[in-house]
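# Architecture and fold: a report
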Amino acid sequence: MILSITGTGAVTPAGWGVQPMMDALASGTPPPLSRLERNLNGTTLFTPVRRVPSENATTPKIPRLRRTSPISKFAAAAAMEALGETRLAAIAAGNLRVGVIFTVLNGCVNYSNRFFSEVLADPSIASPILFPETVFNAPSSHLSAMIGSAAPNDTLIADGTGFFTGMDLAAEWLLRGDVDGCLIVASEEIDWLSAEGLRLYSKDLIPAEGAGAIYLEATEGTVRLLHLPDPISFTKFSRAESAKEIRKSLAIENHESHLLIDGRVGIRNQDLAETQAWEDWLGARWSPREILGEAMGASTSWQVIAAVEAIRNHPFPKAVVSAVGSNQQAAGCVLGS
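Notes on the structure follow. (Residues numbered from 1 in each chain as written. Predicted model: local features only at pLDDT ≥ 70, side-chain atom pairs only at ≥ 80, totals over all residues. Heavy atoms only, no water.)

It is worth spelling out the pairing of strand β3 (residues 34–40) at this point. Pairing between β3 and strand β4 (residues 43–49): seven bridges, direction antiparallel. What sits directly across from L36, in β4, is T47. Counted along the chain from β3 to the antiparallel partner β4, the turn is two residues long, and its residue N41 has a positive phi close to 55°. (Pairing = 2+ DSSP bridges. Helix = DSSP H or I, 4+ residues; strand = E, 2+ residues; numbered from the N terminus.)

Below, the discussion takes up the environment of R35. Within the element layout of this structure, R35 appears in strand β3. Note: C-alpha distance between R35 and L45 (ten residues apart in sequence) is 9.5 Å. Each residue touching R35, except ones within four places of it in the same chain, is listed here: F46 and T47. (Contact = heavy atoms within 4.5 Å.)

Soluble, globular proteins show a tendency: their nonpolar side chains are buried together. Within the largest apolar cluster, 50 residues are counted, with the highest numbers of intra-cluster contacts made by M21, F164, M167, V304 and L335. In terms of residues, this core owes the most to one element, helix α10 (residues 297–312), which gives nine residues. With residues up to four places along the chain from it excluded, the contact list for L335 reads I5, V223, R224, L225, L226, V304, A307, V308, I311, P317, K318 and A319. Grouped together as the second largest cluster of nonpolar side chains are 31 residues, V52, I71, A79 and A211 included. (Core = buried A, V, L, I, M, F, W, Y, C linked by side-chain atoms within 4.5 Å. Buried < 20%, exposed > 50% of the residue type's maximum accessible area, 1.4 Å probe, protein only.)

Bringing the side chain of Q329 into the picture now. Mapping Q329 onto the fold places it in strand β14 (residues 329–336). On the basis of relative accessible area, Q329 is assigned to the buried category, the value being 12%. Side chain to side chain, Q329 and T161 meet in a polar contact 3.0 Å long. Leaving out residues up to four positions away in the same chain, Q329 has contacts with D159, T161, T165, P231, I232, S233, F234, A323 and V324. (Polar contact = N/O pair within 3.5 Å; in protein donor to acceptor, adjacent residues only side chain to side chain.)

We now examine unusual backbone geometry. For N41, which is not a glycine, the phi torsion comes out positive at approximately 55°. With respect to the helices and strands, the residue N41 is situated in the loop between β3 and β4. For N41, a relative accessible area of 74% puts it in the exposed group. Of note, the phi angle at M296 is positive, near 55°, even though the residue is not glycine. Its location among the elements puts M296 in the loop between α9 (288–292) and α10. Residue classification places M296 among the buried positions, given a relative accessible area of 6%.

Attention now goes to the environment of V308. Tracing the chain through its elements places V308 in helix α10. Overall, V308 belongs to the buried group, its relative accessible area being 0%. Residues V308 and A126, 182 residues apart in the sequence, show an inter-C-alpha distance of 44 Å. Once you skip the residues sitting within four places of it in the chain, V308 turns out to touch I5, T8, V223 and L335.

Further remarks concern the pairing of strand β1 (residues 4–12). Within a regular beta strand, the side chains point alternately toward one face of the sheet and then the other, so they alternate between its two faces. When you tally the buried positions in β1, you get eight out of nine residues, the bulk of the element. Bridge count for β1 against strand β8 (residues 210–217) is seven bridges, and the pairing is antiparallel. Across the sheet, S4 pairs through a bridge with E217, a residue of β8. Note that β1 and strand β2 (residues 15–16) share two bridges and pair antiparallel.

Turning to the packing of helix α7 (residues 239–250) against helix α8 (residues 268–277), a few remarks are in order. It is at 8 Å that the axes of α7 and α8 come closest, and there the two elements cross at 35°. The hand of the α7/α8 crossing is right-handed. Along the contact surface, α7 presents R239, A240, A243, K244 and R247, while α8 presents Q270, A273, E274 and A277. Counted by class, the contact of α7 with α8 contains four nonpolar, one polar and four charged residues. (Axes fitted to C-alpha atoms, helices over the stretch in contact; angles between N-to-C directions. Left-handed = near helix turned anticlockwise from the far one by under 90°. Nonpolar A, V, L, I, M, F, W, Y, C, P; charged D, E, K, R; others polar.)

Next comes the structure, spelled out in structure tokens:
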């Protein structure tokens, strides 16, 4: 069975939509920084972050999303772009079974913060309306309800490489005939806890937020999923060894015409595993996180989308995507025309 990625959608600090993201990557100019502020015992703490701009938001105007947190709004906008109007109409008519797989590392931290702050301040007035938005599967539930899909729906909690696991599950659903197509979505939102937590790895890390979505189906499309090997677990290898092992598993020819999109963030000690694993690479090499920031689970979706767009616009016949997670696995895929 031939599997192809026939739709993409993105929300990034560069703007709403795939094109602003690709423009930022092409220019090499990072989106503006903003500051996250938190008061701690009378002292204001500042964390530099890259937020999704509020201008030109494309979140669907439906009542269900009115009180949702940013993670669901980002996911909905990316999903709508990836699906497109024709597929939405086919789903509504009952002619298309679209599964939804949502991958996440951090989750619905904004509403969790608000809900538990109310609980700690005065449990008697803590709003039960907020609680459903604190659970990990809230965004995926909104997505299936929003598009009117009764097909399978799942949420995968993983490190930053979870998007590849989502692609693998989608391929399984397609091969079994459970769905006609599958929407794989990753989304993250910024909160002081996750932003400050990320910077424990390095003070130079820039936390980011946003979402990415792809539509995978069994068809002869412009961009095919050529290879999706099993991830390499950190239980068997070190981080550096895992990066080298996933390169072996990806088995792409080291050719000048091929593109590598890696998970490097622009910090030497954080990037060392991937830098060494691919140090002899002959083709072009893009590192979207260096431009857009570290958005945890969403960053890998941006890598995959960038690879799809690079092939779709014809500069590259093949693109390999590689990522080394924070605490679970190294993973990747090969796409081609």
